[in-house]
Amino acid sequence: MKKSAPWYHTTSIYHIYPRSYKDSNGDGIGDIQGIIQKLDYIRDLGFESIWSSPFFASPQADFGYDVADFTSISPEFGSMDDALQLIDEVHKRGMRMIFDLILNHTSDQHAWFKESRSSRDNSRANWYIWRDKPNNWNSMTGGNGWHFAKERGQYYWSSFLPFQPDLNWRNPDVKKAMFDIIRFWLGKGVDGFRLDIFNTIYKDAEFRNNPFTFKLAPTPDDPSGYFQKAKFSQDQPESFELAKELRQVCEEFGDTLTVGEITAKRNIVRKFAGEEKNDGLTLAFDFEMLEFKFTAGYFRRLISDIETHFPPPFMPVYVFSNLDKRRSIHRLGNDMRKAKLLHMLQLTVRGVPCMYYGEEIGMTNLHLPFKTALDPIPHKYTFAPRFVFDLLNVTVNRDEVRTPMQWDSTKHAGFSSAEQTWLPVHPEYGNINVASENLDSASLLNTIRSLMRLRRENPALQTGTLEFLEGLPDEVFGYTRKTETETLLVLLNFGETAKEVRLKFSETAYKLSVGDEAQGESARLNGFGGLILVG
Ligand code: NOJ
Ligand code: CA
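The shown structure was predicted, so the numbers you read here are calculated from the model rather than taken from an experiment.

Draft legend 1. Highlighting the overall build of the protein chain. Across its full length, the protein chain holds 15 helices and 21 strands. Taking 24 Å as the expected radius of gyration for a compact globule of 535 residues, we find that the protein chain reaches 23 Å, a close match to that expectation. Dimensions of the protein chain, computed from the C-alpha atoms along their principal axes, are close to 80 × 55 × 50 Å. Across the protein chain, contacts joining residues at least 24 apart in sequence account for 66% of those joining residues at least 6 apart. Entry remark: accessible area of the protein chain is about 20400 Å², with carbon and sulfur atoms responsible for 51%.

Draft legend 2. Highlighting the coordination of the calcium ion (ligand 2). Taken together, the protein donors to the calcium ion (ligand 2) comprise D23 (OD), N25 (OD1), D27 (OD), I29 (O) and D31 (OD), at separations of 2.2 to 2.4 Å. Binding-site remark: the calcium ion (ligand 2) is held by donors from one chain whose sequence spacing is D-x1-N-x1-D-x1-I-x1-D.

Draft legend 3. Highlighting empty space enclosed by the protein. Overall, the coordinates contain four cavities of 30 Å³ or more when judged by the stated rule. There is about 90 Å³ of room inside the largest cavity. If you go around the largest cavity, you meet 13 residues; those closest to its centre are A284, F310, M315, P316 and V317. Of the residues belonging to the lining of the largest cavity, the class tally is 10 nonpolar, two polar and one charged. In this structure, the second largest cavity spans a volume of roughly 50 Å³. Every residue along the wall of the second largest cavity is listed here: H15, W51, R194, F285, F287, V319, S321, N322 and C354.

Draft legend 4. Main features of the nonpolar core. Among the nonpolar cores identified, the biggest contains 120 residues, and F198 and F299 are the most heavily contacted of them. In terms of residue count, helix 6 (residues 172-187) provides more of this core than any other element does, eight residues in total. Setting aside anything within four residues of it in sequence, one finds F198 in contact with L103, S239, L242, A243, L246, E261, I262, F272 and L281. Judged by nonpolar contacts, the second largest core, of 16 residues, contains L257, L283, F285 and V317.

Draft legend 5. Quick look at the packing of helix 6 against helix 7 (residues 237-251). For the pair helix 6 and helix 7, the least separation of the axes is 10 Å and the interaxial angle reads 40°. As far as their axial angle goes, helix 7 and helix 6 are oblique. Considering how the two elements wind past one another, helix 6 and helix 7 form a crossing that is right-handed. Residues K175, F179, I182, R183 and L186 of helix 6 form the contact with helix 7, whose own contacting residues are L242, E245, L246, V249 and C250. Of the residues that constitute the contact of helix 6 with helix 7, the class distribution is seven nonpolar, no polar and three charged.

Draft legend 6. Structural detail: the site of ligand 1. In the vicinity of ligand 1, the contacting residues are D62, Y65, H105, F160, R194, D196, E261, L323, D324, R398 and R402. A distance of 2.5 Å separates an oxygen atom of ligand 1 from a polar atom in the side chain of D62. Within the side chain of R194, an N or O atom sits 3.0 Å from an oxygen atom of ligand 1. Expressed as a share of its isolated accessible area of 300 Å², the protein-covered part of ligand 1 is 99%. Of the residues in the shell around ligand 1, the class split is three nonpolar, one polar and seven charged.

Draft legend 7. Summary view of helix 4 (residues 80-92). Across its 13 residues, helix 4 extends 18 Å between first and last C-alpha, which sits within 8% of the 18 Å expected from 1.5 Å per residue. Taken together, the buried positions of helix 4 are occupied by D82, A83, L86, I87, E89 and V90. Where helix 4 is buried, its residues meet helix 2 (32-37), helix 3 (39-45), strand 2 (49-52), strand 4 (69-73) and strand 5 (96-101). Of the residues one or two after helix 4, G94 is the one with positive phi, at around 75°.

Draft legend 8. Spatial organisation of the sheet that holds strand 10 (residues 257-260). Read across the sheet, eight strands follow the order 11-10-9-5-2-1-13-12 without closing on themselves; strand pairing throughout is parallel. Of all strands in the sheet, those with a lone pairing partner are strand 11 (283-284) and strand 12 (317-319), marking the two edges. With two bridges connecting them, strand 10 and strand 11 associate as parallel partners. The residue of strand 11 that forms the bridge with V259 is L283.

Draft legend 9. Structural context of the side chain of R247. Relative to the helices and strands, R247 is located in helix 7. Side-chain polar atoms of R247 contact the backbone oxygen of G280, separated by 2.7 Å. Leave out the neighbours within four places in its chain, and R247 touches Y8, N278, D279, G280, L281 and T282.

Draft legend 10. Inspection of the packing of aromatic side chains at higher detail. In the structure shown here, the tally under the stated rule is 48 aromatic pairs. Measuring from centroid to centroid gives 6.5 Å for F56 and F70, while their planes differ by 55°, and the two rings are tilted. Residue F56 is located in strand 3 (residues 56-57), and its partner F70 is located in strand 4; the two are separated by 14 residues in the primary sequence. For the pair F56 and F70, one class covers both residues: buried. Put simply, the rings of F55, F56, F70, F99, W112, W127, F184 and W185 pair up and form one aromatic cluster.

Draft legend 11. Structural context of the pattern of salt bridges. Taken as a whole and judged by the stated rule, the model has 41 salt bridges. R124 is paired through a salt bridge with E115; the nearest N and O atoms lie 2.9 Å apart. Assessed through its relative accessible area of 23%, R124 is described here as partly exposed. Judged by its relative accessible area of 24%, E115 is partly exposed. One salt bridge connects D286 with R266, and the closest N-O pair in it is separated by 2.5 Å. Highlighted residues: D286 in the loop between strand 11 and helix 9 (296-309) and R266 in helix 8 (residues 266-273), separated in sequence by 20 residues. With respect to burial, D286 and R266 carry one shared label: buried.

Draft legend 12. Structural detail: a nonpolar patch on the surface. Together, F387, V388, L391, L392 and V394 make up a nonpolar patch on the protein surface, roughly 500 Å² of accessible area in all. With respect to the helices, strands and loops of the structure, L392 is situated in helix 12 (residues 386-392).

Draft legend 13. Up close: the side chain of H9. One can find H9 in helix 1 (residues 7-10). The exposure class of H9 is buried, given its relative accessible area of 3%. Of the polar contacts made by the side chain of H9, one reaches the side chain of N278; its length is 3.2 Å. A polar atom in the side chain of H9 sits 3.0 Å from the backbone oxygen of T282. Non-local contacts of H9, meaning those with residues more than four positions away in its chain, are made with N278, T282, L283, P313, F314, M315, V352 and Q462.

Criteria and thresholds
Residues numbered from 1 in each chain as written. Chains lettered and ligands numbered in written order. Predicted model: local features only at pLDDT ≥ 70, side-chain atom pairs only at ≥ 80, totals over all residues. Heavy atoms only, no water. Helix = DSSP H or I, 4+ residues; strand = E, 2+ residues; numbered from the N terminus. Rg over C-alpha atoms; globule rule 2.2 N^0.38 Å. Contact = heavy atoms within 4.5 Å. Areas by Shrake-Rupley, 256 points an atom, 1.4 Å probe, with all protein chains shown as cover. Donors = N, O, S within 2.8 Å, 3.2 Å for Na, K, Ca; no water. 1 Å grid on protein atoms, 1.4 Å probe; cavity = no way out; pocket = protein on both sides within 12 Å on 5 of 7 lines; lining within 4 Å. Points joined across faces, edges and corners; volume = space filled by probe spheres on them. Nonpolar A, V, L, I, M, F, W, Y, C, P; charged D, E, K, R; others polar. Core = buried A, V, L, I, M, F, W, Y, C linked by side-chain atoms within 4.5 Å. Buried < 20%, exposed > 50% of the residue type's maximum accessible area, 1.4 Å probe, protein only. Axes fitted to C-alpha atoms, helices over the stretch in contact; angles between N-to-C directions. Parallel < 35°, antiparallel > 145°, perpendicular 65-115°, else oblique. Left-handed = near helix turned anticlockwise from the far one by under 90°. Near = heavy atom within 4 Å. Polar contact = N/O pair within 3.5 Å; in protein donor to acceptor, adjacent residues only side chain to side chain. Expected span 1.5 Å × (residues − 1). Pairing = 2+ DSSP bridges. Phe/Tyr/Trp six-rings, centres within 6.5 Å; stacked < 30°, edge-to-face > 60°. Salt bridge = Lys/Arg side-chain N within 4 Å of Asp/Glu carboxyl O. Patch = residues over 30% accessible without salt bridge, like charges linked within 9 Å, V, L, I, M, F, W, Y side chains within 5 Å.

By themselves these figures say nothing about function.
And the structure:
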């Protein structure tokens, strides 16, 4: 691979849910000034880019994913000056700022939608998707996605929740308005965008009915579900083209990171990244890995398939937690040893790592009842008993993965001085918090810090080739990362018992371990241990 890999392919991303990161003014809600207070922490952790979930003006019915004005800031998060200061402070620390952009829909409180729904012949009448009669399409959250507006006597389409009407991208005025928003923020110094449900933006021009399928629930590699294939409501060819056009707009401002939220099979995701060459979105998330299994075989298959679909110059993203799904540590039975190994893989494999706030300390999900959820989604599912979803391992109440960041063992985990925080702080914050993990050299936090340092200091981990090592013991997965001048070896033991691995390397070449020893020509990998060596 060329040495001059673009920054967006060598970076590492730290994902903040702003409502829960740090409350600077004691109202119980995290805010932009709170993020600014914690930028040194993120820089010292070693991340190069920060993606914040949205803080634009919004009625907060879906906590910011329902935008009422894309170029102003919601007062509970701060002001435009705060947002500009954030961009500036991030840059001062040598990091990049990535905003969250929702191109597919707005809030129903957006002035555009209010006008659009008011009559059939206003100046924005065609800015959203209006039909006299609904077709059979289901929304992504289940149930009919068409909603009646009596002012027009027509139905509007929403891919997600009813208060998030989809914009009509076939209208050139809409496209221009949205591209201008991108230009607005790039002009203010933003370095890139995470693109919300990017694959739903275009729908079939003729609104053909979606075909039947026996599939009950959407899966990470296929949005079809609720007995319907998402054939005509998602992944349309015009959306692949849009990815390229958007790339052009972004490049008016230089190298810009774009990372798509695309729930689809990898061959489809590839189309969004640019089918032939990487001239579409610069990056895309892979949602299958959010449901990873902690075995050597699983990761070998996963990485092999990812490498097949996204060979250089494409670059995959490795993400194990986000704002919608259970935190990765939940899949690891809350075992910190496993978490260290998982992140050793994430930070040494060929790809851009993306970590969700709190993942670095092993923050766990908080079990919360559906009935009192602030998240709108669980209210759609109160008819079914909770244990059904738990059995299926499905996250319905997203409040559970959005609780306040655990900074220390003081009141509200140091997140806020308010009487009450917007969501409760996880009661185990006394044990799991940044301050106490800082003091423990073997903590998950310090392991991640060391791994991040290694990643920055060794270009092979960012741009090197990736090759699997063969002939390793059961449950051990290993690979090399190589540039012309450097070779690193990574050995990961997914098993509970210790393993001996015979390899040639020099003793001084030992780089970093998770509870392991390396000497002479063999390495001993303890249970769930990992080693990084110079080959
Ligand atoms: C995906 C986001 O991650 C989720 O939190 C949001 O509710 C939907 N898109 C709708 O914008
Ligand atoms: Ca606040």
